[in-house]
Amino acid sequence: MQIDVNADVGESFGQWTLGDDAAMLQLVTSANVACGFHAGDPSTARRTCRAAAAAGVAIGAHVGYRDLQGFGRRALDVDTDDLADDVLYQIGALTAIARGEGVEVSYVKPHGALYNRIAHDPVQAEAVLAGVVAAGDLAVVGPPGSVVLRLADLRGIRKVREGFADRAYMSDGTLVPRSEPGSVLHDPAAVADRVLRMARENTVIAADGTVVPLEVDTVCVHGDSPGAVALARAIRDRLADNAIDIRPHAA
């Protein structure tokens, strides 16, 4: 039995630092590197790719809406051609930076509001996938059962089903909105327990106590969350203690 643990990293900007990427990259197996549209900058991306390569961590392009002010968490209506080009642009930039550090980008994970939108919106999902296809042979990360992953199947794109270690779920399998209390989880032991359950039983306990089916290939820890490193360490220890291999989904 195996699973991947990923984290959103490279989200610092200039002199402003967000998260402890150096520590996270010692604990996770895949790194979703911000591509500059919702967070990050070229120098941050290059440092992050260099550190990920040194740690043997797979690199993914964390693409988002062009929304630095809103950290990519504001829903935007974007022309489909523009969205496809924005996705291609972000992947292309990170690919060049990663290659400069001797590594390749192997997958794409949309960020924030874009991730949530393409889970149910086929128009924007098709636009994102068009950008991915134009960039090359890359996997796409998304929620299990989502529109974007169903369309990826039709296009012959490898899909990676993702669960969230530090986000609360509703009974329909969607995430509790960040605007609601309890949407982000902070207890390392509880988070590690729910990831173990995802890996071993393919289920998650929703906020109302419902047992929700959730078959995943990777679990995410948000690098910008307070205590993210402690969460990732607890997850890694709990999985190792239960003989579950932790390895990149892109391997």
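Everything discussed here concerns the structure shown above.
Below or above, wherever it landed, is the structure these notes cover. (Residues numbered from 1 in each chain as written. Predicted model: local features only at pLDDT ≥ 70, side-chain atom pairs only at ≥ 80, totals over all residues. Heavy atoms only, no water.)

**Structural notes on the overall build of the protein**
Part 1: Within the protein, the secondary structure is distributed over 8 helices and 10 strands.
Part 2: Rg of the C-alpha trace for the protein: 17 Å, near the compact-globule value of 18 Å for 251 residues, within the 12% margin.
Part 3: Judged by the C-alpha coordinates and their principal axes, the protein covers about 40 × 35 × 35 Å.
Part 4: Considering the protein as a whole, with its 251 residues, one finds that 53% of them fall into the buried category.
Part 5: Counted over contacts in the protein with a minimum sequence separation of 6, partners at least 24 positions apart contribute 72%.
Part 6: Accessible surface for the protein amounts to roughly 10,700 Å². Of this, 51% is attributable to carbon and sulfur atoms. (Helix = DSSP H or I, 4+ residues; strand = E, 2+ residues; numbered from the N terminus. Rg over C-alpha atoms; globule rule 2.2 N^0.38 Å. Buried < 20%, exposed > 50% of the residue type's maximum accessible area, 1.4 Å probe, protein only. Contact = heavy atoms within 4.5 Å. Areas by Shrake-Rupley, 256 points an atom, 1.4 Å probe, with all protein chains shown as cover.)

**Digging into the pattern of salt bridges**
Part 1: Using the criterion set out here, one finds 16 salt bridges in the structure.
Part 2: Where Asp153 meets Lys159, a salt bridge forms, and the shortest distance between an N and an O atom there is 3.0 Å.
Part 3: Overall, Lys159 belongs to the partly exposed group, its relative accessible area being 34%.
Part 4: The salt bridge involving Asp193 is made with Arg238; its shortest N-O contact spans 2.0 Å. Placement of the pair is Asp193 in helix H7 (residues 188-201) and Arg238 in helix H8 (residues 228-241), with a sequence separation of 45 residues. (Salt bridge = Lys/Arg side-chain N within 4 Å of Asp/Glu carboxyl O.)

**Things to note about the nonpolar core**
Part 1: One finds Leu94 and Leu239 to be the most contacted residues of the largest nonpolar core, which totals 70 residues.
Part 2: Those residues in contact with Leu94, other than ones at most four positions away along the chain, are Val33, Cys35, Ala45, Cys49, Ile59, Gly60, Ala61 and Val105.
Part 3: By size, the runner-up hydrophobic cluster in this structure holds 5 residues, among which are Ala58, Tyr107, Ala139 and Val141. (Core = buried A, V, L, I, M, F, W, Y, C linked by side-chain atoms within 4.5 Å.)

**Digging into helix H5 (residues 122-135)**
Part 1: A rise of 1.5 Å per residue sets the reference length of H5, with its 14 residues, at 20 Å; its end C-alpha atoms lie 20 Å apart and thus fit the reference within 8%.
Part 2: Three or more residues of H5 are buried, namely Gln124, Ala125, Ala127, Val128, Leu129, Gly131 and Val132.
Part 3: Buried residues along H5 sit against helix H3 (80-100), strand E4 (105-110), helix H4 (112-118), strand E5 (139-142) and helix H6 (147-155).
Part 4: One side-chain oxygen of the residue at the start of H5 lies 2.9 Å from the amide nitrogen of Val123, identifying that residue as Asp121.
Part 5: Just downstream of H5, Gly136 is the residue with a positive phi angle, here 135 degrees. (Expected span 1.5 Å × (residues − 1). Polar contact = N/O pair within 3.5 Å; in protein donor to acceptor, adjacent residues only side chain to side chain.)

**Focus on the pairing of strand E9 (residues 218-221)**
Part 1: Side chains of E9 alternate between two faces, with Thr218 and Cys220 and Val219 and Val221 buried alike.
Part 2: Examined bridge by bridge, strand E1 (residues 2-9) and E9 share 4 bridges and lie parallel to one another. By the bridge assignment, Asn6 is partnered in E9 with Cys220.
Part 3: Sheet topology places strand E6 (residues 159-164) next to E9; 3 bridges connect them, and they run parallel. (Pairing = 2+ DSSP bridges.)

**Describing the state of the cysteines**
Among covalent bonds in proteins, the disulfide is the one between the sulfur atoms of two cysteines.
Part 1: Counting across every chain of the model gives 0 disulfides.
Part 2: The thiol of Cys35 is not disulfide-bonded; the next cysteine sulfur, from Cys49, is found 8.6 Å away.
Part 3: Unpaired in terms of disulfides, Cys220 finds its nearest cysteine sulfur in Cys35, a separation of 15 Å.
Part 4: According to the relative accessible area criterion, Cys220 is buried, its value standing at 0%. (Disulfide = S-S within 2.5 Å.)

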